[in-house]
Number of protein chains: 4
Amino acid sequence: MTADTTADTLREKCGVFGIYGHPDAAKHTALGLHALQHRGQEAAGLVTYNGRQFSAHRDTGHVGDIFDKPDLMERLTGHIAVGHNRYSTSGATAMRNIQPLFAELAFGGFALSHNGNLTNFEKLRRELVQRGALFQSTTDTEVLIHLMAAAPAEVEGAVDRMTYALQHIEGAYAFVAMTDSQLIGVRDPFGVRPLVLGRVGDSYVLASETCALDIIDAEVIRDIEPGEMVVIDTEGLRSLRPFPPRNRQRFCIFEYIYFARPDSVVEGSSVYEARRRIGQELARESHSPSDVVIPVPDSGVPAAIGYADEAQIPFEFGIIRNHYVGRTFIEPTQSIRNLGVKLKHNANRAMIEGKRVVLVDDSIVRGTTSAKIVKMVRDAGAKEVHMRIAAPPTRHSCYYGIDTPNAGELLASRYTVPDMASVIGCDSLAFISFDGMYRAMGHAGRNPDQPQFCDACFTGDYPIPLVDQEEDTPDTDLFSVISEEA
Amino acid sequence: MTADTTADTLREKCGVFGIYGHPDAAKHTALGLHALQHRGQEAAGLVTYNGRQFSAHRDTGHVGDIFDKPDLMERLTGHIAVGHNRYSTSGATAMRNIQPLFAELAFGGFALSHNGNLTNFEKLRRELVQRGALFQSTTDTEVLIHLMAAAPAEVEGAVDRMTYALQHIEGAYAFVAMTDSQLIGVRDPFGVRPLVLGRVGDSYVLASETCALDIIDAEVIRDIEPGEMVVIDTEGLRSLRPFPPRNRQRFCIFEYIYFARPDSVVEGSSVYEARRRIGQELARESHSPSDVVIPVPDSGVPAAIGYADEAQIPFEFGIIRNHYVGRTFIEPTQSIRNLGVKLKHNANRAMIEGKRVVLVDDSIVRGTTSAKIVKMVRDAGAKEVHMRIAAPPTRHSCYYGIDTPNAGELLASRYTVPDMASVIGCDSLAFISFDGMYRAMGHAGRNPDQPQFCDACFTGDYPIPLVDQEEDTPDTDLFSVISEEA
Amino acid sequence: MTADTTADTLREKCGVFGIYGHPDAAKHTALGLHALQHRGQEAAGLVTYNGRQFSAHRDTGHVGDIFDKPDLMERLTGHIAVGHNRYSTSGATAMRNIQPLFAELAFGGFALSHNGNLTNFEKLRRELVQRGALFQSTTDTEVLIHLMAAAPAEVEGAVDRMTYALQHIEGAYAFVAMTDSQLIGVRDPFGVRPLVLGRVGDSYVLASETCALDIIDAEVIRDIEPGEMVVIDTEGLRSLRPFPPRNRQRFCIFEYIYFARPDSVVEGSSVYEARRRIGQELARESHSPSDVVIPVPDSGVPAAIGYADEAQIPFEFGIIRNHYVGRTFIEPTQSIRNLGVKLKHNANRAMIEGKRVVLVDDSIVRGTTSAKIVKMVRDAGAKEVHMRIAAPPTRHSCYYGIDTPNAGELLASRYTVPDMASVIGCDSLAFISFDGMYRAMGHAGRNPDQPQFCDACFTGDYPIPLVDQEEDTPDTDLFSVISEEA
Amino acid sequence: MTADTTADTLREKCGVFGIYGHPDAAKHTALGLHALQHRGQEAAGLVTYNGRQFSAHRDTGHVGDIFDKPDLMERLTGHIAVGHNRYSTSGATAMRNIQPLFAELAFGGFALSHNGNLTNFEKLRRELVQRGALFQSTTDTEVLIHLMAAAPAEVEGAVDRMTYALQHIEGAYAFVAMTDSQLIGVRDPFGVRPLVLGRVGDSYVLASETCALDIIDAEVIRDIEPGEMVVIDTEGLRSLRPFPPRNRQRFCIFEYIYFARPDSVVEGSSVYEARRRIGQELARESHSPSDVVIPVPDSGVPAAIGYADEAQIPFEFGIIRNHYVGRTFIEPTQSIRNLGVKLKHNANRAMIEGKRVVLVDDSIVRGTTSAKIVKMVRDAGAKEVHMRIAAPPTRHSCYYGIDTPNAGELLASRYTVPDMASVIGCDSLAFISFDGMYRAMGHAGRNPDQPQFCDACFTGDYPIPLVDQEEDTPDTDLFSVISEEA
């Protein structure tokens with residue numbers, strides 16, 4: 001769960017959090033963001049309202065550093081707050097792109113956190129600039145605020161204006177927003193990105209994952225539903241439906257496979273258990289006689305436990321992870337190779353030497369790390385290395401809020417599975433099947449006509465139109481703001 | 001000319017600079033801003049355009065520090081640039097309030113530097129927010145950009161949109177703006193704030209003062225005229241008149257008395273000579289038999305030289321200034337008093353002891369510093385101290401771009417001149433008369449019906465309507481942005 | 001393995017590293033220190049020699065940050081290097097206390113890294129000051145250099161002077177030192193602290209643990225023996241015996257239990273396997289009917305796997321660790337309790353609810369964390385919580401290089417085991433027995449007459465005299481150096 | 001008086017300050033150092049003693065920044081303090097070279113500030129290292145402390161040990177030192193460097209110049225005499241004579257010409273008046289018919305006033321100095337030349353155009369700046385430029401504490417005066433004569449057999465042996481400490 005700087009993984013783009021009616025709103029938000037740190041490590045921020053003024057603090061870095069400043073928490077006064085963790089969103093890393101975004105609108109102050117990606121962002125931005133909008137950031141999120149600001153005068157209040165704006169956007173999103181009197185949460189009609197509702201004392205809480213409720217001892221109430229908008233104010237909680245009813249929901253299955261924390265419960269299912277069951281399915285589908293099951297830590301651990309349980313082979317930590325951030329503080333040289341892997345992993349020779357090893361990982365992206373890890377395990381004396389992947393082959397880019405390489409860089413889009421095994425250097429390689437993955441999620445299999453999840457990164461079946469992709473809207477930054485570079 | 005941190009002076013709010021058609025546009029702008037550092041020491045910034053992209057760098061601090069970063073000047077590529085020095089403008093000190101402001105408008109990128117103050121800013125801001133404008137900063141300057149963005153679609157291009165926007169604003173201003181193809185300069189119809197045009201090689205330059213032309217070896221062409229807009233592009237320079245003709249011009253006389261650098265030539269007159277002549281007038285008006293004329297350094301020096309010359313009394317540096325910034329790094333205690341004065345000034349006892357001293361200063365604001373300096377001179381053995389001020393009594397606040405205390409804090413608004421002498425502790429006190437001041441500027445005297453300068457801080461005669469003052473528009477910051485505090 | 005800031009653990013005080021004859025000596029040392037980061041996270045440094053000049057860089061923070069500076073590695077030129085990770089040693093955290101220490105001695109330059117603690121440091125320091133030594137730091141390590149400097153003139157060269165100095169010191173130590181032509185390693189006569197010898201290409205390497213050899217692809221040769229000094233130079237490696245022979249060796253058993261990395265091999269035994277065997281012994285000694293075995297991550301993991309294997313109960317990650325550093329960026333409030341635990345751990349309810357849980361941890365220090373974790377597990381729905389500790393009760397302070405609380409603060413020194421169970425709130429509590437622990441290490445049991453390890457923290461049997469403790473030498477810092485505070 | 005970064009001046013190496021018996025010792029020391037900032041701008045520090053512990057703070061930068069940190073002054077508790085401003089001393093700029101140096105000696109704590117240079121430093125350092133001394137810094141100052149530490153055991157106490165150490169050193173020095181009960185001041189037997197004694201309330205003060213007494217309202221008592229040691233403790237002040245009597249004193253005449261502040265009184269004479277009288281002598285010796293006398297600010301001002309007074313020609317500020325630090329934040333280009341001069345100076349054309357100008361400067365070092373200034377004055381329209389220098393030609397390096405170029409880089413060592421005029425480009429050039437300079441100082445002329453001052457930089461007559469120069473002791477830094485670079 002540490003920042004993965006060698007970049008051979010897919011990365012979540014953002015975690016969101018909001019709380020209403022709590023005297024320690026800022027502290028609880030900071031704790032929630034700390035629990036959601038795995039969803040974005042580049043920057044974080046939070047905005048509060050204290051009955052008179054909004055207070056905001058945003059910076060690059062980790063939550064624990066950003067909010068560890070003298071008097072800071074004391075100055076973030078208020079009983080409503082929203083917060084945000086950022087990975088790299090559609091805007092470059094600059095101070096002004098760090099969320100929550102905030103602005104004074106006709107009805108008063110407004111702050112907004114967003115997890116996801118708007119697929120018609122460039123198109124909307126271009127139109128709004130032509131109509132006189134001045135953009136503060138280069139994030140897709142800002143178009144929502146401009147659409148709200150540009151709503152006809154008769155559309156009054158934050159809720160109506162947000163409803164108005166939502167009609168214009170396409171994409172995958174979970175929004176958490178606040179005014180001086182309301183906390184608002186919205187999920188897109190397909191429910192691609194997660195958003196959960198909880199309660200601590202008399203206060204409602206919204207968060208990307210339940211682990212952010214656990215850290216503040218909040219109880220989980222339920223997931224916000226796809227296409228639902230909840231409005232929390234002095235009257236309590238109202239559920240609105242700003243979209244026409246659609247019967248399909250397509251939650252992002254990669255949240256189960258890799259992004260979400262294993263202790264979170266998403267859409268009613270334990271992430272840890274889902275991964276464990278995928279491991280069990282994998283053992284059934286592609287068992288290989290072996291002496292030990294070893295996870296690639298940390299994300300491969302639950303699947304490896306499931307695999308070992310099902311295959312009745314001992315589970316051991318044969319690869320040890322160094323959780324201190326190693327970065328690339330040293331340029332690799334001829335004598336210092338495979339640096340990215342070494343800074344994070346080391347083979348535990350005592351558990352490997354002379355054994356037939358099943359190596360369990362969550363997914364393969366470019367494959368470069370997998371090849372290095374297989375080599376490391378072989379160098380530690382493994383007799384055989386059988387790689388088992390707790391996801392299908394990743395063949396397509398995500399446009400719904402996950403940072404993925406171009407399809408051409410994905411190993412699975414360039415090679416067959418046997419060829420991938422050669423590239424990686426393992427004795428055998430197997431991925432979970434589509435149906436196996438869906439079985440692990442409690443379905444009979446994948447419904448090809450109406451899949452139960454968004455699995456576009458595996459299948460290329462994109463449920464939401466990719467407007468900017470199709471119109472090829474240019475994505476140019478007119479301004480290079482040197483002073484705001486992180 | 002060092003930052004005055006004890007705050008018993010009036011302070012200029014900003015210097016502006018722009019250059020068109022020079023391969024080293026950023027470096028020349030940084031040098032110009034260094035020469036204009038006395039007009040604003042809180043922050044500075046510059047924006048360039050390189051034919052493809054705008055590049056911006058803005059930060060708090062002095063010019064020499066802000067631009068002294070590895071590779072920075074190399075990254076600020078381009079042949080057009082505008083720059084800005086900031087003191088404290090109408091917005092609080094925050095990163096987003098540092099100018100030049102910039103934004104993408106319908107016609108493309110636009111960057112803007114402003115010296116002055118808009119007197120209907122709050123009113124316009126309120127109206128614009130109601131119409132859907134999202135403000136990025138809390139500076140008055142941003143309303144001009146929003147007015148340009150909100151112009152009717154048929155008003156095309158930067159020049160026409162800026163002309164449109166200028167019709168809506170009231171105030172004192174010198175704007176320097178740029179697009180991807182133009183450098184634009186504007187002075188308000190009364191010409192309260194200065195703006196001068198120069199040329200270096202084939203490039204036109206705009207700057208608040210001629211000292212910013214001298215540093216880059218540019219020649220002075222002329223002052224931009226009150227109410228004039230100049231547009232510089234590949235066609236050369238055009239002069240436009242966006243306002244109906246008015247026959248009155250009211251240049252800020254305090255630029256001569258204190259703000260401008262003595263080596264600058266403003267509206268055709270040498271600032272040094274103007275101050276020297278005020279000293280001569282002062283000697284004629286209020287001579288007192290004395291042994292030595294001593295300036296309060298640095299701003300009182302030219303007037304003291306003029307006084308000594310006219311009165312035929314020796315001029316000596318009886319007060320030595322320590323130019324190292326002393327700040328208030330130490331809390332005053334019972335044994336450490338008058339700290340602000342001591343950190344900057346020390347009496348040169350050898351030139352004072354046993355003498356009748358004429359002490360020449362440029363102005364009296366709160367009077368606290370004057371009292372401490374008189375005491376310091378007496379402690380150094382002066383037999384008599386006669387204070388002579390090279391300006392009339394300062395009795396009114398400035399709303400045209402100068403940072404002044406409330407009128408109630410100005411010593412001259414609370415006391416008669418004899419009472420001021422008592423408060424300050426000098427043996428005699430005299431100010432230059434209105435007519436004497438105007439004589440020194442080359443006029444027969446002050447024309448009470450149509451004064452030749454803006455002298456509102458002395459007379460209360462405000463030439464431009466004080467809209468926000470009259471309507472009492474509340475000036476509230478809805479957002480406290482902790483991370484952007486300097 | 002992340003920095004434990006809530007301080008309810010024992011902490012290693014330092015890791016050391018040295019390399020001789022490698023063109024990339026600095027890079028390899030930095031990598032070795034990264035692998036040894038768990039042994040000290042406060043500061044790090046390294047010194048190189050390039051044939052003409054020594055180069056040094058030392059700073060507070062993590063290795064990955066300290067050496068991630070432009071051009072730094074390029075400036076640390078040379079083929080010999082020594083490095084050091086520091087926790088808190090006997091001197092306060094100040095720049096000048098960061099190792100390697102270095103100085104010019106009569107024979108030339110000398111640099112020194114130390115893991116351990118000298119038990120007669122205060123006594124020696126006092127004597128040396130009286131004899132004219134000027135101390136640069138407040139670390140115990142510096143006395144060795146002063147003893148070398150103060151050696152009689154006829155004792156020439158680094159090796160002889162170091163041998164001379166070693167006769168005067170008492171304590172537990174692993175030294176790695178360098179001159180302009182030699183790399184020197186020494187372990188104390190009891191071998192309390194670890195030091196291992198390796199080889200990469202033609203270069204010898206010394207390091208606290210084998211994991212620091214693995215990261216640079218060095219092969220392990222052997223442990224430096226207790227009381228051995230190795231000298232590496234152009235002649236190759238010489239083994240010296242500066243001490244009279246003693247037949248007892250007392251390696252620190254806590255290195256196996258907690259300090260060392262699980263992938264290290266120490267004194268010939270795999271740390272992971274040792275912990276795993278302790279878990280097995282524990283299951284045999286104190287089995288309790290249960291549904292799931294859950295480790296307190298990360299250090300309890302191998303023992304839990306061993307316990308689960310022996311007890312034939314499923315092993316699951318029932319507690320998820322957040323590896324992002326949480327610090328205490330938030331002050332706990334009435335509604336935010338148990339913050340230290342929550343910032344790092346969360347219960348994985350899906351694996352706990354309704355189950356009888358065996359919770360396996362490496363040790364109990366103050367017990368505060370254990371109590372919070374038991375409560376967290378109960379709140380997640382555990383029916384029963386049985387705590388099993390992979391070490392005997394920790395009842396005594398360490399004076400040999402481990403940062404321990406005063407004995408009075410250790411839970412086990414204040415309570416019986418049943419009372420500890422009450423304090424912690426678990427249904428049952430059991431520690432491994434002394435004999436069980438020694439069995440897991442491959443011995444028949446603990447030899448009470450001549451124990452095979454230093455186990456003073458459990459038994460109070462201190463093999464090396466505690467001189468300063470007995471003489472009650474005052475430990476006063478005469479100088480408070482504010483500018484060097486980290 | 002601002003830091004001269006273009007380096008065409010000679011620079012003082014250090015200011016010292018000490019105070020005894022004052023409850024606000026640290027604050028008064030910081031103020032004294034601020035007043036002495038012109039004597040060293042690279043770094044500063046102070047040490048206090050509060051009856052129990054010494055507290056120290058040292059850093060690079062200006063006094064106003066170094067001590068402007070939260071709670072810092074409150075933590076520098078105590079009633080005795082010594083402080084130091086550093087330019088570049090004989091050691092490179094590193095944290096550990098910033099003074100005051102401090103150490104625990106046999107008699108207790110000791111802190112030391114030094115202005116000057118020891119001419120047998122390298123020789124002593126080499127000997128001390130051979131005898132077992134560990135040097136903490138690369139400054140010459142540290143040898144004094146080591147000599148004190150190495151004194152025979154029967155030499156007890158700080159005063160006796162310092163007396164012992166002083167017998168071994170050669171050079172020019174003013175030391176201010178403290179123990180836990182004494183403040184000690186020493187000047188070398190020739191009295192080359194200044195040191196003055198003052199009193200504020202019941203507290204004695206020692207400082208390099210009287211301006212440091214003025215800022216804290218202390219009265220001047222007298223100069224410490226050449227070869228005198230003063231010891232201040234609860235008994236009051238004692239004057240000791242650690243050296244055999246010598247009848248010659250050789251105060252540095254360059255203190256009058258350039259280094260000291262004009263408001264200081266040194267060895268009984270006002271610096272301002274001395275400079276003014278040199279200007280008068282200069283006018284008598286080398287008058288030239290002219291229209292205006294213009295100083296090169298700031299150091300040429302008093303001499304220019306004296307010249308104008310004697311020659312009866314108007315004095316005007318024809319060159320305006322920009323006191324904001326410009327540094328070399330911009331690389332000069334073909335179109336940006338003479339950058340160093342432009343960042344600091346601008347011609348005031350109104351006072352120059354069409355006039356015959358006498359330009360008065362304090363000295364000529366390399367001559368590069370002079371040439372640029374003459375060109376700038378000519379470009380501003382001067383008809384003639386006559387340069388007059390308030391010092392004789394500078395032909396020799398200083399080894400007594402002033403940072404000078406090698407003799408070969410000094411313009412006056414390479415050219416005759418007429419040739420210098422050609423190089424500089426002025427119509428005439430004249431220096432004050434030796435006798436004229438001594439007359440201005442109140443003597444009949446220079447006594448060639450026994451000069452009244454140290455004027456070695458003009459004459460090459462070095463009163464103190466240059467031991468290290470003669471023995472050609474190598475000055476090698478064995479250690480390059482990257483982390484301590486400023």
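Above this text sits the structure in question.
Attention here is on the structure that accompanies the text. Owing to the predicted nature of the structure, the values given are computational and were not obtained by experimental measurement.

The rules behind the values
Residues numbered from 1 in each chain as written. Chains lettered and ligands numbered in written order. Predicted model: local features only at pLDDT ≥ 70, side-chain atom pairs only at ≥ 80, totals over all residues. Heavy atoms only, no water. Pairing = 2+ DSSP bridges. Helix = DSSP H or I, 4+ residues; strand = E, 2+ residues; numbered from the N terminus. Axes fitted to C-alpha atoms, helices over the stretch in contact; angles between N-to-C directions. Contact = heavy atoms within 4.5 Å. Buried area = accessible area lost by both parts, 1.4 Å probe. Salt bridge = Lys/Arg side-chain N within 4 Å of Asp/Glu carboxyl O. Polar contact = N/O pair within 3.5 Å; in protein donor to acceptor, adjacent residues only side chain to side chain. Buried < 20%, exposed > 50% of the residue type's maximum accessible area, 1.4 Å probe, protein only. Nonpolar A, V, L, I, M, F, W, Y, C, P; charged D, E, K, R; others polar. Least-squares fit on C-alpha atoms with pLDDT ≥ 70 in both. Parallel < 35°, antiparallel > 145°, perpendicular 65-115°, else oblique. Left-handed = near helix turned anticlockwise from the far one by under 90°. Arc of directions from axis to C-beta.

## A short note on the sheet that holds strand 5 (residues 80-86) of chain C
Within the open sheet, the eight strands sit side by side as 12(C)-10(C)-11(C)-2(C)-5(C)-3(C)-4(C)-26(D). Their pairing is mixed. The open sheet is flanked by strand 12 (219-223) of chain C together with strand 26 (479-481) of chain D, the only strands paired with a single partner. Between one strand and the next, the sheet's axes are offset by a mean angle of 15 degrees, whatever the strand orientation. In the sheet, strand 3 (residues 43-49) of chain C pairs with strand 4 (residues 54-60) of chain C via seven bridges, with the strands oriented antiparallel. Note on strand 4 of chain C: the bridge partner recorded for Gly45(C) is Arg58(C). Where helix 1 (residues 25-35) of chain C meets the sheet, it contacts strand 2 (15-20), strand 3 and strand 5 of chain C, and its direction lies at approximately 25 degrees from that of strand 5 of chain C.

## Re the arrangement of the chains
No interface is formed between chain B and chain C, the nearest pair of C-alpha atoms being 11 Å apart. Contact between chain A and chain D is absent, and the minimum C-alpha spacing across the pair is 11 Å.

## Quick look at the interface of chain D and chain B
Across the contact, 61 residues belong to chain D and 61 residues belong to chain B. Around 5100 Å² of area is buried between chain D and chain B when both sides are counted, 59% of it from carbon and sulfur atoms. Remark: the boundary between chain D and chain B carries four salt bridges. Between the two partners, chain D and chain B, sit 19 residue pairs in polar contact (both at pLDDT 80 or more). Only helix 1 (25-35), helix 2 (63-66), helix 7 (211-214), helix 9 (271-285), helix 10 (301-311), strand 19 (319-321), helix 11 (339-344) and strand 20 (345-347) of chain D provide two or more residues apiece to the side of chain D that touches chain B. For the side of chain D that touches chain B, the element with the most residues is helix 1 of chain D, which contributes six residues.

## Brief notes about the pairing of strand 5 of chain C
Residue and element names in this part refer to chain C. Taking burial as the measure, the seven residues of strand 5 include seven buried ones, the bulk of the element. As paired strands, strand 2 and strand 5 are joined by six bridges and run antiparallel to one another. For Ile-19, the partnering residue across the bridge sits in strand 5 and is Ala-81. Here strand 3 runs beside strand 5; their pairing, made up of seven bridges, is antiparallel. Within strand 5, the residue paired with Val-47 across the bridge is Val-82.

## Re the sheet that holds strand 21 (residues 356-361) of chain D
Residue and element names in this part refer to chain D. In spatial order, the strands read 18-21-22-24; together these four strands make up an open sheet with parallel pairing. Bordering the open sheet on either side are strand 18 (292-295) and strand 24 (428-431), each of which pairs with just one other strand. Averaged over neighbouring strand pairs, the angle between their axes works out to 20 degrees when direction is ignored. As paired strands, strand 18 and strand 21 are joined by four bridges and run parallel to one another. The residue bridging Val-293 from the neighbouring strand is Val-358, located in strand 21. In this fold helix 10 packs onto strand 18, strand 21 and strand 22 (384-389), with an angle of close to 165 degrees to the strand it touches most, strand 18.

## Details of the interface of chain A and chain C
Across the boundary between the two partners, chain A contributes 61 residues, which contact 61 residues of chain C. Interface of chain A and chain C: buried area, both sides summed, is about 5100 Å²; carbon and sulfur atoms make up 59% of it. There are four salt bridges connecting chain A and chain C. Arg276(A) is the salt-bridge partner of Glu316(C), the closest N and O atoms lying 2.4 Å from each other. For the side of chain A that touches chain C, the secondary-structure elements that each account for two or more residues are helix 1 (25-35), helix 2 (63-66), helix 7 (211-214), helix 9 (271-285), helix 10 (301-311), strand 19 (319-321), helix 11 (339-344) and strand 20 (345-347) of chain A. Tallying contributions element by element places helix 1 of chain A first for the side of chain A that touches chain C, with six residues. Looking at side-chain class alone, the side of chain A that touches chain C contains 27 nonpolar, 17 polar and 17 charged residues.

## Considering the relation of the copies chain D and chain B
Overlay of chain D on chain B (RMSD 0.0 Å): rotation 180 degrees, translation along the axis 0.0 Å. Such a combination of rotation and displacement between the chain copies is what one expects of a two-fold axis. When C-alpha positions in chain D are compared against the rotation axis, the closest is assigned to His323(D), at 3.5 Å. In this assembly, 100% of the residues forming the interface of chain D have copies in chain B that are likewise at the interface, indicating an isologous arrangement.

## What about the packing of helix 9 of chain A against helix 10 of chain A?
Residues and elements named next belong to chain A. Contact geometry for helix 9 and helix 10: axes closest at 6 Å, N-to-C directions at 45 degrees. The orientation of helix 9 relative to helix 10 falls into the category oblique. In this structure, the crossing between helix 9 and helix 10 has a hand that is right-handed. Here Tyr-272, Arg-275, Arg-276, Gly-279, Gln-280, Leu-282, Ala-283 and Arg-284 of helix 9 lie close against helix 10, whose contacting residues are Pro-302, Ala-303, Ile-305, Gly-306, Tyr-307, Asp-309, Glu-310 and Ala-311. Of the residues contributing to the contact of helix 9 with helix 10, the split by class is eight nonpolar, three polar and five charged.

## With respect to the environment of Leu128(B)
Residues and elements named next belong to chain B. You can see Leu-128 is positioned in helix 4 (residues 121-130). Assessed through its relative accessible area of 3%, Leu-128 is described here as buried. Linking Leu-128 and Glu-331, residues 203 residues apart in sequence, is a C-alpha distance of 45 Å. Sequence-distant contacts of Leu-128, defined by excluding residues within four places in its chain, comprise Ala-133, Phe-135, Val-143, His-146 and Leu-147.

## Quick word on helix 4 (residues 121-130) of chain A
Residues lying three or four places apart along an α-helix face the same way, a consequence of the helix completing one turn every 3.6 residues. Buried residues of helix 4 of chain A: Phe121(A), Glu122(A), Leu124(A), Arg125(A), Leu128(A) and Val129(A), and no others. Buried residues of helix 4 of chain A fall within an arc of 160 degrees about the axis and therefore sit on the same side. Considering only its buried residues, helix 4 of chain A is in contact with strand 7 (108-118), helix 5 (141-149) and helix 17 (467-471) of chain A together with strand 6 (101-105) of chain B. Within two residues after helix 4 of chain A, Gly132(A) carries a phi angle of roughly 105 degrees, on the positive side.

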